[in-house]
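Structural features, examined
Spelled out, the chains give:
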Amino acid sequence: MSFIEFDNVSYSYSAGTKNEVKAVKNVSFSIEKGELVALVGHNGSGKSTIAKLMNGLLLPQSGLVKVNGLDTADKKNLFDIRKSVGIVFQNPDNQMVATIIEDDVAFGPENLGLDPKEIRERVDFALKSVGMYEYREDAPFRLSGGQKQRIAIAGVLAICPEAMVLDESTSMLDPTGKKEIMEVVTRLNREKGMTVIMITHFMEEAALCDKIIVMNDGSVALSGGRQTLYDDRLVELGLKLPMSCSVAKRLNKSGMNVGEVYTPEQLAEAICRSL
Amino acid sequence: MRDVSFGQYYPSKSVVHRMDARIKIIISLCYIVLLILVPTIDRFLDKGRLGDYIVSVGATFIVIILFLLMVTLISKVPPLKVLKSVKSVIFLVIFTAVILVLFYGGTSNHIYFHKGIINISLEGIINSIAMAIRLFLLVMGPSLLTLTTTPVELTDGIESLLKPLKLIKVPVHEIALIMSIALRLIPNLIEEADKIRSAQKARCADFDSGNIFKRAKAMLPILVPLLISSFRRADELAYAMDSRCYRGAKGRTRMKIMRLGIRDLFGMLFFAAMFFVALMFIYDFFGVSTALANLAYSLI
């Protein structure tokens, strides 16, 4: 049994009306515990809908979504499912409930009905994990976008979920903010073994993940390990490769064998080696 | 614009700031009740002595003002900030005072001017002065509450105080959450309104000329996008809350538990003392007011 399973899932917005939009069509895939997965695709390819299907914010109109073997369609399971799969959304401003940072991070554990002392411990732990502990008594609106998004991540972390879904969580941030978030997320995955699902259209971020699922027009177009980035079909889908991959690809084609690299550092190293 | 501290909270670590918000709210309510108890002049006119009224009400006001002054000093809030809070009602107070002076009946022989319904009398003047002081004090007290208590503490306090209403199925927790989210969103909405305004200005919208109606109409292109985006925001926030296991008040605990401390007891005792002394002057307990008035008469 996989950790998260999508079995032939379909979902349409405004179903049954003339404005019906089929966002997700017969999608099947599975995610194992501890994986760092990238879900990539163009705008409107159904990525965000998949995120919301993962913890029962949306329910599939056909097919099954299972988390830890629990069906999201069963209302009784929702609380447990949401305890194990948390979502960080795109706009940090729209995820904050409280006017003080630590109160906001406490919102999740408070909903779990924990002891005040344990809530305090979890809040401190979550804020330290994202490096925002010193700001705990400040108001969020003074922070930068990257800092706010780290608070949002802390808010999910405090629930101690097994998996975290980042729904385009870096798309509104500047390059520094993006880097901050990626560092926090990859560290959580490596050190704490947290399952992370990155939903993104930045292929640079996908290059840091172990597994890549490519969505196109509501269906899974490609999926596999990191080497998927070297699949020619990716270019046919009109997705922009990370700079290092596209350079490596062209170098390989022109006879200079640098192999499959995923980061600028690896690329530089491979070029040096082949010279 | 972006740096607005909503409400008018003045940060400090004074005893007044650290007092339990619930106690402060209760004290503020009692304070308002006290000011309502301060009589108008009519009740005294039957007794005949105008001086009794002046002494009784004057002494009460002095007690209340001293109380406010002491709280202000202890809380380290600049007194000017407290005084400024009356700015918003100053027009109302002047208007009320003028009306009271012009149209107060006045039964005694201290009538200075009389024509038609206009009737300026000594009683009218005294009454309107008392009314003005009363209204000013009525604004200053609660503004001390908001100056020394953060909006979050206030909503938490209100939630805690209204808890008994849960028995009659009032959704107390939900109401408090709505209030705190509203407070949370104010800076975002201001920021957004700013952005939309700039965007409209960039397309040659004119917000600053023409009469009031024209300007109000010019605000429409700001309000409509603002409204739509608030709905979208609310929608996303609802998803985020659901995703963070929110189920309403059911099974929910809090990280910060409000506890009454020794300072709350002192605060209450201090207020109770002031309250009692003020009542003493209002209701003439032990004949204090009468004695004071007699003393004043004998001096004159």
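Structure first, text after, so check above.
All residue numbers here refer to positions counted from 1 along the written sequence of the relevant chain. Numbering of ligands from 1 and lettering of chains from A proceed in the order in which they are written. In keeping with the predicted nature of the model, local features appear solely for residues at pLDDT of at least 70, side-chain atom pairs appear and are counted solely at 80 or more, and the whole-chain, interface and lining totals rest on all residues. Side-chain metrics in this entry use all non-hydrogen atoms of the structure; hydrogen atoms and water are not considered.

Attention now goes to the overall build of chain A. Strands are runs of DSSP state E lasting at least two residues, helices are runs of H or I lasting at least four, and both sets are numbered from the N terminus onward. What chain A contains, in helices and strands, is ten helices and ten strands. As a reference, a globule follows 2.2 Å times the number of residues to the power 0.38, and the radius of gyration itself is taken over C-alpha atoms. Taking 2.2 N^0.38 as the reference for a compact globule, 275 residues should give roughly 19 Å; the C-alpha atoms of chain A span a radius of gyration of 20 Å, in line with that estimate. Viewed in the frame of its principal axes, chain A has a C-alpha envelope of about 65 × 50 × 35 Å. Accessibility here uses a 1.4 Å probe with only protein chains present; expressed as a share of the type maximum, an area under 20% marks a residue as buried, one over 50% as exposed, and anything in between as partly exposed. Counting over 275 residues, chain A shows a buried share of 55%. Throughout, a contact is declared for two residues whenever any of their heavy atoms are within 4.5 Å. Partitioning the intrachain contacts of chain A with sequence separation of at least 6 by distance along the chain shows that 63% fall at a separation of at least 24. To be clear on the numbers: accessible area is Shrake-Rupley with a 1.4 Å probe, and residue cover counts the displayed protein chains and nothing else. Accessible area of chain A: about 11,700 Å², with a carbon and sulfur share of 48%. Two residue types count as positive, namely Lys and Arg, and two as negative, namely Asp and Glu; His and chain ends fall outside the count. Charged groups are reduced to one reference atom each: NZ for lysine, CZ for arginine, CG for aspartic acid, CD for glutamic acid. Across chain A, the 32 positively charged side chains and the 37 negatively charged ones have centroids separated by 3 Å.

Next up on the list: the sheet that holds strand β3 (residues 36-40) of chain A. All names here are of chain A. Paired strands are those between which DSSP finds at least two bridges. Pairing within the open sheet is mixed, and its six strands lie in the order β6-β7-β8-β3-β9-β10. This sheet does not close on itself; its edge strands, each paired only once, are β6 (85-88) and β10 (219-225). Averaged over all pairs of adjacent strands, the angle between strand axes in this sheet comes to 15 degrees, irrespective of strand direction. Relative to strand β9 (residues 211-216), β3 runs parallel, the two sharing four bridges. Directly across from Leu 39, in β9, lies its bridge partner Ile 213. Here the axes come from fitting lines to C-alpha atoms, over the contacting stretch only for helices, and the angles between their N-to-C directions go from 0 to 180 degrees.

Turning to the interface of chain B and chain A, a few remarks are in order. Contact residues are listed per partner, giving 31 residues for chain B and 39 residues for chain A. Salt bridges are defined by distance alone: a side-chain nitrogen of Lys or Arg within 4 Å of a carboxyl oxygen of Asp or Glu. Applying the counting criterion to the chain B and chain A interface returns five salt bridges. A salt bridge links Lys256(B) to Asp103(A); its shortest N-O distance comes to 2.8 Å. We define a polar contact as two N or O atoms separated by no more than 3.5 Å, with the added condition that, inside protein, one atom must be a possible hydrogen donor and the other a possible acceptor, whereas residues neighbouring each other in sequence contribute only through side-chain atom pairs. There are 20 residue pairs in polar contact (both at pLDDT 80 or more) connecting chain B and chain A. At the level of elements, α9 (172-202) and α10 (212-243) of chain B are the ones that each hand at least two residues to the side of chain B that touches chain A. Under the convention adopted here, Pro, Cys and the residues Ala, Val, Leu, Ile, Met, Phe, Trp and Tyr are nonpolar, Asp, Glu, Lys and Arg are charged, and Gly plus all remaining residues are polar. A breakdown of the residues in the side of chain B that touches chain A according to their chemical character gives 15 nonpolar, five polar and eleven charged.

All names here are of chain A. Across the sheet, four strands lie side by side as β2-β1-β4-β5; this open sheet has antiparallel pairing. Single-partner strands in this sheet number two, and they are β2 (21-31) and β5 (70-71). Examined bridge by bridge, strand β1 (residues 4-13) and strand β4 (residues 62-67) share five bridges and lie antiparallel to one another. Residue pairing for β4: Ser 10 is matched across the bridge by Ser 62.

A separate point is the environment of Asn68(A). Residue and element names in this part refer to chain A. Of note, Asn 68 is situated in the loop between β4 and β5. Remark: the alpha-carbon pair of Asn 68 and Met 1, spanning 67 residues in sequence, is separated by 7.7 Å. Residues contacting Asn 68, with those up to four places away along its chain left out, are Met 1, Phe 3, Lys 33, Ser 84 and Glu 162. A distance of 3.1 Å separates polar atoms of two side chains, one belonging to Asn 68 and the other to Glu 162.

When two rings of Phe, Tyr or Trp (its six-membered ring) have centres within 6.5 Å they constitute a pair, described as stacked for plane angles under 30 degrees, edge-to-face for angles over 60, and tilted for the intermediate range. Following the criterion strictly, the structure yields eleven aromatic pairs over all chains and no others. Residues Tyr11(A) and Tyr13(A) carry aromatic rings whose centres are separated by 5.1 Å and whose planes lie at 80 degrees to one another, so their mutual orientation is edge-to-face. Taking 5.5 Å as the distance between ring centres and 35 degrees as the angle between the ring planes, the aromatic pair formed by Phe67(B) and Phe270(B) counts as tilted. Of this pair, Phe67(B) sits in helix α4 (residues 50-75) while Phe270(B) sits in helix α11 (residues 262-283); the two residues are 203 residues apart in sequence, bridging distant segments of the chain. Ring pairing ties together the aromatic residues Phe67(B), Phe270(B), Phe271(B) and Phe275(B), which thus form one cluster. For the cation-ring pair, Lys52(A) lies above Tyr239(B), with the distance from its terminal atom to the ring centre recorded as 4.7 Å. By definition, being over a ring means that NZ of Lys or CZ of Arg is both within 6 Å of the ring centre and within 35 degrees of the ring normal.

Okay, the pairing of strand β2 (residues 118-121) of chain B next. Residues and elements named next belong to chain B. The sheet contact formed by strand β1 (residues 111-115) and β2 spans four bridges and is antiparallel. If you follow His 114 over to β2, its bridge partner there is Asn 119. If you look at the hairpin formed by β1 and β2, you'll find two residues sitting between the two strands, and Gly 116 has a positive phi there, around 60 degrees.

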